[in-house]
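Close look at the chain arrangement
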Amino acid sequence: LSIPGGGYGFVSVQNEGLDVAQRFNALGTTVFVLVYRLPREGWTHRAPLQDAQRAMRLIRARAADLRIDPARLGVVGFSAGGHLAADLVTSHAEPVYPRVDAADDLSARPAYAGLVY
């Protein structure tokens with residue numbers, strides 16, 4: 001899961017998300033890009049963590065269909081996305097949103113984390 005930065009004011013989707021995904025996809029690694037809600041847009045300050053947790057759980061729930069190993073699901077974050085990735089690593093089990101469906105019974109814990117600038 002690639003988490004772009006943007007200072008929690010915007011999400012730098014192209015250069016810290018899609019470009020990263022394109023590069024790693026070409027090497028045979030599946031990359032998902034998280035476009036998360038921003039507190040600046042009126043969402044709670046926990047909305048980015050809620051989105052990161054939910055993304056990890058949804059990817060794990062659909063791992064068989066996506067033909068990926070859910071045990072090897074990690075996160076890389078850039079700038080503010082690095083902060084969010086670190087928050088996910090340390091708060092993966094913190095209940096920050098109410099259960100939506102069975103996917104929320106799965107772990108949001110990344111197998112690894114890369115925190116970039």
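Look above for the structure.
Overview of the structure. (Residues numbered from 1 in each chain as written. Predicted model: local features only at pLDDT ≥ 70, side-chain atom pairs only at ≥ 80, totals over all residues. Heavy atoms only, no water.)

1. Re unusual backbone geometry
Both trends apply: most residues other than glycine have a negative phi, and most peptide bonds are in trans. Defined as follows: Here a helix means four or more residues in a row that DSSP labels H or I, a strand means two or more in a row labelled E, and each is numbered from the N terminus. Using a 1.4 Å probe on the protein chains alone, a residue whose accessible area is under 20% of its type maximum counts as buried, one over 50% counts as exposed, and one in between counts as partly exposed.
The backbone phi angle of Arg67 is positive, close to 60°, even though this residue is not glycine. Note that Arg67 resides in the loop between helix H3 (63-66) and strand E2 (75-78). Residue classification places Arg67 among the exposed positions, given a relative accessible area of 77%. Here Ser79, not a glycine, exhibits a phi torsion of approximately 55°, which is positive. Examined against the element boundaries, Ser79 turns out to sit in the loop between E2 and helix H4 (80-91).

2. Re the environment of Ala111
Rules: Whether two residues touch is decided by their heavy atoms; if any such pair falls within 4.5 Å, the residues are in contact.
By secondary structure assignment, the location of Ala111 is in the loop between H4 and strand E3 (113-116). Along the backbone, Ala111 and Leu73 are 38 residues apart, and their C-alpha atoms lie at a distance of 5.6 Å. Ignoring sequence-local partners within four residues, the contact set of Ala111 consists of Arg60, Ala71, Arg72, Leu73 and Gly74.

3. A word on helix H1 (residues 13-26)
Three- or four-residue spacings in an α-helix give side chains the same orientation, since the helix completes a turn every 3.6 residues. Threshold: Take the residue count of a helix, subtract one, and multiply by 1.5 Å to get its expected span.
Look at H1: 18 Å from first C-alpha to last across 14 residues, which is about the 20 Å you get at 1.5 Å a residue. Looking only at H1, the buried set comprises Glu16, Gly17, Val20 and Ala21. Where H1 is buried, its residues meet strand E1 (2-3) and E2.

4. Things to note about the packing of aromatic side chains
Applied cut-off: Ring geometry is summarised as follows: Phe, Tyr and Trp rings, the Trp one being its six-membered ring, pair when their centres sit within 6.5 Å, and such pairs are stacked at plane angles under 30 degrees, edge-to-face over 60 and tilted between the two. Two conditions define a charge located above a ring, namely a distance within 6 Å from the ring centre to NZ of Lys or CZ of Arg, and an angle within 35 degrees of the ring normal.
The tally for this structure, following the rule as stated, stands at 2 aromatic pairs. Over the ring of Trp43 we find Arg37, and its NZ or CZ is 4.6 Å from the ring centre.

5. Regarding the nonpolar core
A general tendency of soluble globular proteins is for nonpolar side chains to be buried together. Which entries qualify depends on this criterion: To define a nonpolar core, start from buried Ala, Val, Leu, Ile, Met, Phe, Trp, Tyr and Cys residues and group those joined through side-chain atoms within 4.5 Å.
Core analysis: the largest hydrophobic core is formed by 21 residues, its most contacted members being Leu1, Ile3, Leu34, Tyr36, Leu84 and Leu88. Counting residues per element, the ones that place at least two in this core are helix H2 (47-61) and H4. A total of 5 residues in this core trace back to one element, the largest contributor, which is H2. Not counting residues within four places of it along the chain, the set of residues in contact with Leu84 comprises Ile3, Tyr8, Leu34, Tyr36, Pro48, Leu49 and Ala52.

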